[in-house]
2 protein chains.
Amino acid sequence: MTTPIPRSINLRQVAEEAGVHPSTASRALNSATRHLVAAPVAERVQEAAARLGYRPDAAAMSLRTGRSRLVGALVPGIANPVFAPILAAAAAALSADGHALLVADPGDDPERAAEFVAELAARRVDGLLLATVSLRDDPALAACRLRGLPTVLVNRSGGEGVPAVVSDDRGGMALAVEHLVGLGHRRIAHVGGPAPLSTGLLRREGFERAMAAAGLDIPPGWVEAATAYGRAEGEAAATLLLTRCPGVTALACANDLLALGAYDACHRAGLRIPADISVTGHNDMPMVDLIEPPLTTIRIPHERMGREAARLLLERIHQGAEAGTLVLASGLVQRGSSGPPPDGMTATA
Amino acid sequence: MTTPIPRSINLRQVAEEAGVHPSTASRALNSATRHLVAAPVAERVQEAAARLGYRPDAAAMSLRTGRSRLVGALVPGIANPVFAPILAAAAAALSADGHALLVADPGDDPERAAEFVAELAARRVDGLLLATVSLRDDPALAACRLRGLPTVLVNRSGGEGVPAVVSDDRGGMALAVEHLVGLGHRRIAHVGGPAPLSTGLLRREGFERAMAAAGLDIPPGWVEAATAYGRAEGEAAATLLLTRCPGVTALACANDLLALGAYDACHRAGLRIPADISVTGHNDMPMVDLIEPPLTTIRIPHERMGREAARLLLERIHQGAEAGTLVLASGLVQRGSSGPPPDGMTATA
DNA sequence: AGGGGCTATACAATCGATTGCAGAGGAAAT
DNA sequence: ATTTCCTCTGCAATCGATTGTATAGCCCCT
């Protein structure tokens, strides 16, 4: 009862049990080489392996083959309500292929992210999912390139030819603007995401294009980029906009957390949502349907994003194929935080 | 520019660069054996390693030493708002010790959990954090025992002598009951968690003890265990209680998600919270302060839980010490979903 | 009957780091 | 001056699975 030999069984023991050489056992257990072994022998080996509960040692296999059946993921916050479901879906898809997900959380520090890439590379990960990448000259991405690691970006794009799975950031933000315009809004301000992030840039572009398409002006100072995707940062940016934008009737935010911060700013300014001002978010995080008022936002397909990213990465790993960028459509979820502008504001523009 | 030899540096190359034998290089780079090497030689080796950007190959190291610097975690849902912050904190603490966290998500399937344990064991994890364990004869726990894997339970207790880090489930639920009693409630029902889970059982016990301590009766049928920690399950259980418990003025729920379901049930029954009925939760998930009305709940120290679990596990791994169970205090967070009972209901009991 | 061709298996090298053991060299002690 | 001891370094085995190569049969054909 002290330490009852918890040493696990290895290939040699299986081979002995089946009365063959380890190399034969190896071939019998590997579907790609099984045809090299006589059928009855293969069966005997497999049976012996099953009886003994054999599992190939991952370290030895990894050392010999160079592949680890591990995939690394870099995320800015495991508990982030946007990335958590993406990770969950990716992990499930990878697991079905025998891969496990090694999650590293460097926060918002790009240097730390590059350091984690080195660590993951030393662990011989077969590929990497990157959700931390910023738009220009990201050190983590460079570290992957340097080592020739298959890489897929998730919910972030990295520019020139980097495979990625993203939602239609521009189109999603345009949906929000069109919705507000449809309700009669003309004076709309934008709480933007951090500029170095693709979501920040693209959603801002989506805002600008949709406003232009609706024939609406964006006065200078009506776009304010938050310094990070956080509630406090959203409040700060929204507070700025509320004082700076006379007659503003709607805030289109680049992200749900920013929208929550905008709620705070509006409440502190004594504005009711949506009676005095409308607010929209982006991402449709869990539970934003429960807040008061329920948040009108853009739904992005988190699960699908994770699944597709895993699929693309596995393709790249197995076939070495150069994966392209996949843009998934997002949709408007209309709830209680958006409504018609206050009386008399409709015809202002 | 095709494939510029992304093969990484190994120990032999470092040794050559420093003009020593690989074994000497190994000793020079390992702090535990460095004293066996002459100081100037050790320095030369370290410098060479730094210059070449050497990282020991994890697979080879793991194969030789039997340790992988990997820790597995089994959680029922990566995106679960309770476990995600626990995982994040644990990952950070482990990372500081050179360990990485390998997350496996078997959902609620105990057989699948045991299968994942086998897979993680084959990957030679140094230890396991278990957040999926049910109270009696859990297969995953048995699988760990069988292999002699160091194990710490998180937010779950497993009975007899299994190391665990949990919050004070009984005490937390008692806080909620005392709060309600203090407001004047006498007729309180309990929406319980799943019975096979320690949180389900202990919080129910906490409810019963606190009611007894307050001199209050629990009529038969005033406790209803939900089949899972979910909003729909909470609504089902709460609906049952609302029809079954005449004059009930408060629902003490075992979990925030159940409380959200209770909100749904109350709304469908035309009851206003907290004017007609009070509702309390447990866990203080992110964003429950934003719903309407903001949820009164019990705050459990997620981050600390993850951190302490990691610490205990590392102790067990390094020193082989038998870790005990750590019970962390939780606190009441009073918000808008609890208030005095409707007029005339105070003196009913 | 003997050789060519083929199949199925065994042998042995290999991946990269760690570690028990042996031995070289120098210092200290008698 | 020789022995003893100690410090440092090199040698080689090892962890467990995979895979290139060699060989033992066997069948078939002429």
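Bear in mind the structure is a predicted one, so any value in this text is a computation, not a measurement.

J.: Just to check I follow, could you spell out empty space enclosed by the protein for this structure?
T.: The probe, sized like a water molecule, is rolled over the atoms to show the empty space still left. Enumeration according to the criterion identifies three cavities of 30 Å³ or more in this entry. If you add up the space inside the largest cavity, you get close to 180 Å³. In this structure, the largest cavity is lined by Ala 58, Ala 59, Ser 62, Ser 68, Leu 70 and Arg 123 of chain A together with Ala 58, Ala 59, Ser 62, Ser 68, Leu 70 and Arg 123 of chain B. Secondary structure elements with two or more residues in the lining of the largest cavity: helix H4 (58-65) of chain A together with helix H4 (58-65) of chain B. Residue composition of the lining of the largest cavity, by class: six nonpolar, four polar and two charged.

J.: Quick question: what am I supposed to make of the protein's contact with DNA strand C here?
T.: Arg 27 and Val 41 of chain A together with Leu 11, Ser 23 and Arg 64 of chain B are the nearest of the 25 residues found near DNA strand C. At 3.4 Å from a base nitrogen of DNA strand C is found a main-chain nitrogen or oxygen belonging to Ala 60 of chain B. Of the residues that constitute the surface near DNA strand C, the class distribution is twelve nonpolar, seven polar and six charged.

J.: Just to check I follow, could you spell out the packing of H4 of chain A against H4 of chain B for this structure?
T.: When two helices pack together, their arrangement is given by the angle between the helix axes and by the axis-to-axis distance. Put simply, H4 of chain A and H4 of chain B touch, their axes get as near as 8 Å, and they point 140 degrees apart. The angle between the axes of H4 of chain A and H4 of chain B places the two elements in the oblique class. Judged by the sense of rotation from one axis to the other, the crossing of H4 of chain A with H4 of chain B is left-handed. Packed against H4 of chain A, whose contacting residues are Ala 59, Ala 60, Ser 62 and Leu 63 of chain A, the element H4 of chain B presents Ala 59, Ala 60, Ser 62 and Leu 63 of chain B at the interface.

J.: Which parts of the structure should I look at to understand the relation of the copies chain A and chain B?
T.: The second copy of the chain is related to the first by a rotation about an axis and a shift along the axis. Of the transformation superimposing chain A on chain B, the axial component is 0.0 Å and the angular component is 180 degrees, with the fit at an RMSD of 0.1 Å. The superposition of one copy onto the other is thereby described by a two-fold rotation axis. Judged by C-alpha distance, Ile 291 of chain A is the residue of chain A that lies nearest the rotation axis, at 1.9 Å. A symmetric contact is evident, with 100% of the interface residues of chain A recurring at the interface of chain B.

J.: Got a minute to help me understand helix H8 (residues 169-183) of chain B in this structure?
T.: Owing to its 3.6 residues per turn, the α-helix aligns residues three or four sequence positions apart on the same side. Residue and element names in this part refer to chain B. In this model, H8 (15 residues) spans 22 Å end to end at C-alpha, consistent with the 21 Å of a helix rising 1.5 Å per residue. Residues of H8 that are buried include every one of Asp 169, Gly 172, Met 173, Ala 174, Ala 176, Val 177, His 179, Leu 180 and Val 181, and no others. Directly beyond the C-terminal end of H8, a positive phi value near 110 degrees is found at Gly 184.

J.: Just to check I follow, could you spell out unusual backbone geometry for this structure?
T.: When glycine is set aside, most residues are seen to have a negative phi, and most peptide bonds are trans. Residue and element names in this part refer to chain A. Each neighbour pair has its own omega, and for Ile 273 with Pro 274 the value is 5 degrees, a cis peptide bond. Along the chain, Pro 274 falls in the loop between helix H11 (256-268) and strand E9 (278-280). Cis geometry is adopted by the peptide bond preceding Pro 293, which originates at Glu 292 and carries an omega value of -10 degrees. Checked against the element boundaries, Pro 293 lands in the loop between E9 and strand E10 (297-299). A positive phi angle, near 125 degrees, is found at Asn 283, a position not held by glycine.

J.: What should I look at first to understand the pairing of strand E8 (residues 250-253) of chain B in this one?
T.: For a regular strand, side-chain orientation follows a simple rule: the groups alternate between the two sheet faces. All names here are of chain B. Going residue by residue along E8, you find Ala 250 and Ala 252 tucked away on one face and Leu 251 and Cys 253 tucked away on the opposite face as well. Two strands pair when backbone bridges link them, and strand E6 (residues 188-192) and E8 are joined in this way by four bridges, in the parallel orientation. Paired with Val 191 across the strands is Cys 253, a residue of E8. Judged from the three bridges that link them, E8 and strand E9 (residues 278-280) form a sheet pairing that is parallel. Bridging across to E9, Ala 250 finds its partner in Ser 278.

J.: What is the right way to read the domain arrangement of chain A from this model?
T.: Buried accessible area, meaning the area lost when the parts come together, often serves as the stated size of an interface. You can read the domains of chain A as domain 1 (11-56), domain 2 (68-166 + 302-327) and domain 3 (169-300). On a C-alpha basis, the centres of domain 1 of chain A and domain 3 of chain A stand 61 Å from each other.

J.: Before we go on, may I ask you to explain the protein's contact with DNA strand D in this structure?
T.: Of all residues adjacent to DNA strand D, which total 27 residues, the nearest are Leu 11, Ser 23 and Arg 64 of chain A together with Arg 27 and Val 41 of chain B. At 2.9 Å from a phosphate oxygen of DNA strand D is found a side-chain nitrogen or oxygen belonging to Tyr 54 of chain A. With respect to DNA strand D, the side chain of Arg 27 of chain B contributes an N or O atom lying 2.7 Å from a base oxygen. Of all elements in the fold, only helix H2 (22-29) and H4 of chain A together with helix H2 (22-29) and H4 of chain B reach the threshold of two or more residues within the surface near DNA strand D. In the surface near DNA strand D, the residues fall into twelve nonpolar, eight polar and seven charged.

J.: Help me understand the state of the cysteines, please; the structure alone is not making it clear to me.
T.: Each disulfide consists of a covalent bond between the sulfur atoms of two cysteine residues. Residues and elements named next belong to chain B. Tallied over the full model, the rule gives zero disulfides over all chains. Residue Cys 253 stays outside any disulfide, its sulfur separated by 8.2 Å from that of Cys 266, the closest cysteine. We classify Cys 253 as buried; its relative accessible area is 0%.

J.: Looking at this structure, how should I read the side chain of His 179 of chain B?
T.: You can see His 179 of chain B is positioned in helix H8. Residues contacting His 179 of chain B, with those up to four places away along its chain left out, are Thr 296, Leu 332, Gln 334 and Ser 338 of chain B.

J.: Where do I start with the pattern of salt bridges in this structure?
T.: Here the idea is simple: oppositely charged side chains can pair when their charged atoms come close. Summed over the entire model, instances satisfying the criterion amount to 42 salt bridges over all chains. In this structure, Arg 69 of chain B and Glu 119 of chain A form a salt bridge, with 3.0 Å as the shortest nitrogen-oxygen distance. A residue pair is termed interchain when its members come from two chains, as with Arg 69 of chain B in the loop between H4 and strand E1 (70-74) and Glu 119 of chain A in helix H6 (residues 110-122). By relative accessible area, Arg 69 of chain B is classed as partly exposed at 23%. Its relative accessible area of 17% is what places Glu 119 of chain A among the buried residues. Measuring nitrogen to oxygen at the nearest pair gives 3.6 Å for the salt bridge that ties Asp 289 of chain A to Arg 231 of chain B. With Asp 289 of chain A in the loop between E9 and E10 and Arg 231 of chain B in helix H10 (residues 231-244), this residue pair bridges two chains. A cluster of three or more residues bridged by salt bridges with shared partners is formed by Arg 55 and Arg 69 of chain A together with Glu 115, Glu 119 and Arg 123 of chain B.

J.: For this particular structure, what's the right way to read the sheet that holds strand E6 (residues 188-192) of chain A?
T.: Across a sheet, paired strands are connected by hydrogen bonds in the backbone, their directions being either parallel or antiparallel. All names here are of chain A. If you trace the four strands from one edge of the open sheet to the other, you get E7-E6-E8-E9, paired in parallel fashion. Edge positions in the sheet fall to strand E7 (223-225) and E9, since each of these pairs with one other strand and no more. Along the sheet, successive strands turn relative to each other by an average axial angle of 15 degrees, direction set aside. Lying over the sheet, helix H9 (residues 198-213) contacts E6, E7 and strand E8 (250-253), oriented at roughly 170 degrees with respect to E6.

J.: Where do I start with the interface of chain A and chain B in this structure?
T.: Taken residue by residue, the interface counts 47 residues in chain A and 47 residues in chain B. The largest contributions to the chain A side of the interface with chain B come from Arg 55, Arg 123 and Met 287 of chain A, which together make up 19% of the buried area. Counting the contacts that link chain A with chain B gives ten salt bridges. Applying the counting criterion to the chain A and chain B interface returns 18 residue pairs in polar contact (both at pLDDT 80 or more). Of all the elements in the fold, those that place two or more residues in the side of chain A that touches chain B are H4, helix H5 (83-95), strand E2 (100-104), H6 and helix H7 (139-147) of chain A. Residue composition of the side of chain A that touches chain B, grouped by class: 29 nonpolar, six polar and twelve charged.

About the criteria used
- Residues numbered from 1 in each chain as written.
- Chains lettered and ligands numbered in written order.
- Predicted model: local features only at pLDDT ≥ 70, side-chain atom pairs only at ≥ 80, totals over all residues.
- Heavy atoms only, no water.
- 1 Å grid on protein atoms, 1.4 Å probe; cavity = no way out; pocket = protein on both sides within 12 Å on 5 of 7 lines; lining within 4 Å.
- Points joined across faces, edges and corners; volume = space filled by probe spheres on them.
- Helix = DSSP H or I, 4+ residues; strand = E, 2+ residues; numbered from the N terminus.
- Nonpolar A, V, L, I, M, F, W, Y, C, P; charged D, E, K, R; others polar.
- Near = heavy atom within 4 Å.
- Polar contact = N/O pair within 3.5 Å; in protein donor to acceptor, adjacent residues only side chain to side chain.
- Axes fitted to C-alpha atoms, helices over the stretch in contact; angles between N-to-C directions.
- Parallel < 35°, antiparallel > 145°, perpendicular 65-115°, else oblique.
- Left-handed = near helix turned anticlockwise from the far one by under 90°.
- Contact = heavy atoms within 4.5 Å.
- Least-squares fit on C-alpha atoms with pLDDT ≥ 70 in both.
- Expected span 1.5 Å × (residues − 1).
- Buried < 20%, exposed > 50% of the residue type's maximum accessible area, 1.4 Å probe, protein only.
- Pairing = 2+ DSSP bridges.
- Domains from an automatic or database assignment.
- Disulfide = S-S within 2.5 Å.
- Salt bridge = Lys/Arg side-chain N within 4 Å of Asp/Glu carboxyl O.
- Buried area = accessible area lost by both parts, 1.4 Å probe.

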